Amino acid sequence: MPVNTADPDASIEWDTAVVDSRSVDFAAGGDGELVVFLHGWGLSPRAYRSSLASLLNRGFRVIAPTLPGLGGSAELEPSDRTFDGYAKWVGRFLDAIGVNSPVTVVGHSFGGGVAAAVAHDRPTLVSQLVLVNSVGGGAWSHSSGREYPIRQRPLLNWCGSAIAEAIATFPARGPMQLLLDEVVPNAVRNAGSLWRTANLARNADLIALFETMAERAMPVSMLWSVGDQVIPRASFDAIRAALVDPEVHEVRGNHNWLIDDAELFGQLLTHVLSDSATELVG
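In every chain, residue numbers begin from 1 and rise along the written sequence. Where totals are concerned, whole chains, interfaces and linings use all residues; where local detail is concerned, this predicted model gives features only for residues with pLDDT of at least 70, and gives and counts side-chain atom pairs only at 80 or more. To obtain the side-chain values, all non-hydrogen atoms of the structure were used and water was disregarded.

## Notes on the overall build of the protein chain
Counting its regular elements, the protein chain contains nine helices and 10 strands. Summary of the burial criterion: residues with accessible area below 20% of their type's maximum are buried, those above 50% are exposed, and those between are partly exposed, where the area comes from a 1.4 Å probe applied to protein chains only. The buried share among the 282 residues of the protein chain stands at 53%. Whether two residues are in contact is decided by their heavy atoms, any of which lying within 4.5 Å being enough. For the protein chain, restricting intrachain contacts to residue pairs at least 6 apart in sequence, the fraction spanning at least 24 positions comes to 75%. Note on areas: Shrake-Rupley, 1.4 Å probe, and residue coverage restricted to the protein chains presented here. As displayed, the protein chain has an accessible area near 12,000 Å², and 52% of this comes from carbon and sulfur atoms. In this text, helices come from DSSP runs of H or I with a minimum length of four residues, and strands from runs of E with a minimum of two, each type numbered from the N-terminal end.

What follows is the structure, encoded as structure tokens:
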């Protein structure tokens, strides 16, 4: 079993910003190159404490906001509950905390879809995009091997996969710990928002955005775990094809592998960003 050696409370600070006249909790800490991290569905940055600490220990500065409608943050207005709406919110959040120079944006799962929309809509704000088991491929593969649009994936199949992944996460702390720590409190606070963001993630087809990023030569890297049961392999392959030639790193593990193995996540991201810096210098 992977062991997290990063002390999640050593250097992470929790702060509050005001966006759209509403309070937003966010994690921050470290010095050096800035990485903006966007969390997955049903979670908050607190679920990634060890992962964020792993980045801080490697010399990065990290900022991780709690996305609207999750982790206690106020939900977006109905007309803004799209990936484009979330992307605009992230831009306003970064404006609120004084970030106006290009940054690396890393998104996991649902956060990957948001990160992709940010990179598409605000290309001058994003120097590099890193997608970690991201939604947005728009494809689903049946057990027969035949591919279908992601919207045709049965809800029961998606829910069953999500529950199986939650049970597999945090095995050392109990099989249902992720549900108890994050998803259940989210559901109690705002079950409607949890359902709406789940549907947004489940039906995500952002291929047009990825194709535009490829045309712009936006630096994009993909981190992917081969045991992911939430994001279909067909969806990952579709994103990869749309981006034409992204840097790809495949690892063992489930959908939430970066929570289970924070050290591996830190190592991979350091490698990705170091390669990017070398290319820019060269």
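## A short note on the pattern of salt bridges
Working definition: two side chains of opposite charge can pair if their charged atoms are close together. For this document, the term salt bridge refers to a Lys or Arg side-chain nitrogen within 4 Å of an Asp or Glu carboxyl oxygen. Under the criterion given, the structure shown has 10 salt bridges. E75 is paired through a salt bridge with R196; the nearest N and O atoms lie 2.8 Å apart. Taken together, the residues E75 in the loop between β4 (61-65) and α2 (83-96) and R196 in helix α5 (residues 177-202) connect sequence positions 121 residues apart. Judged by relative accessible area, E75 falls into the buried class, the value being 14%. Because the salt bridges share partners, they merge into one network encompassing R233, D237, R240 and E250.

## What to know about helix α3 (residues 110-121)
The span expected for a helix works out to 1.5 Å for each residue beyond the first. Given a rise of 1.5 Å per residue, 12 residues ought to cover 16 Å, and the 17 Å separating the end C-alpha atoms of α3 matches this to within 8%. Judged by how many residues are buried, α3 sits mostly within the fold: 11 of 12 residues are covered.

## Quick notes on the pairing of strand β3 (residues 34-38)
Most of β3 is tucked away, with five of its five residues classed as buried. Burial of the side chains of β3 extends over both faces: L34, V36 and L38 are buried on one face and V35 and F37 on the other. Inspection of the sheet shows β3 paired to β4 by three bridges, in the parallel sense. Bridging across to β4, V35 finds its partner in V62. Note: two strands are recorded as paired if DSSP finds a minimum of 2 bridges between them. As paired elements, β3 and strand β5 (residues 103-108) share four bridges and run parallel to each other. Residue V35 lies in a different strand from β5, and its bridge partner there is T104.

## A word on the confidence of the model for the protein chain
Confidence per residue, as judged by the predictor, is encoded in pLDDT with a range of 0 to 100. Taken as a whole, the protein chain shows an average pLDDT of 85; of its residues, 79% reach a score of 70 or greater. For residues 1-6, every residue scores under 50 in pLDDT, and the model assigns this stretch 17 contacts once sequence neighbours within four places are set aside. For the stretch residues 171-175, pLDDT sits under 50, and the model shows eight contacts to residues farther than four places along the chain or on other chains.

## Section: the side chain of H120
Structurally, H120 is set in helix α3. A distance of 2.8 Å separates the side chain of H120 from the side chain of D121, its partner in a polar contact. Within 3.5 Å is the distance limit for a polar contact, defined as a pair of N or O atoms, with the added protein rule that one can donate a hydrogen and the other accept it, and that residues adjacent in sequence qualify only through two side-chain atoms.

## A short note on helix α6 (residues 207-216)
The set of residues buried in α6 consists of I207, L209, F210 and M213. Each buried residue of α6 sits inside an arc of 160 degrees when the element is viewed along its axis, so together they form one side. Opposite the buried face of α6, by more than 90 degrees, sit the exposed residues A208 and E215. Buried positions along α6 lie against α3, β6 (126-132), β9 (220-225) and α7 (233-243). To obtain the arc, one takes the directions from the helix axis to the C-beta atoms.

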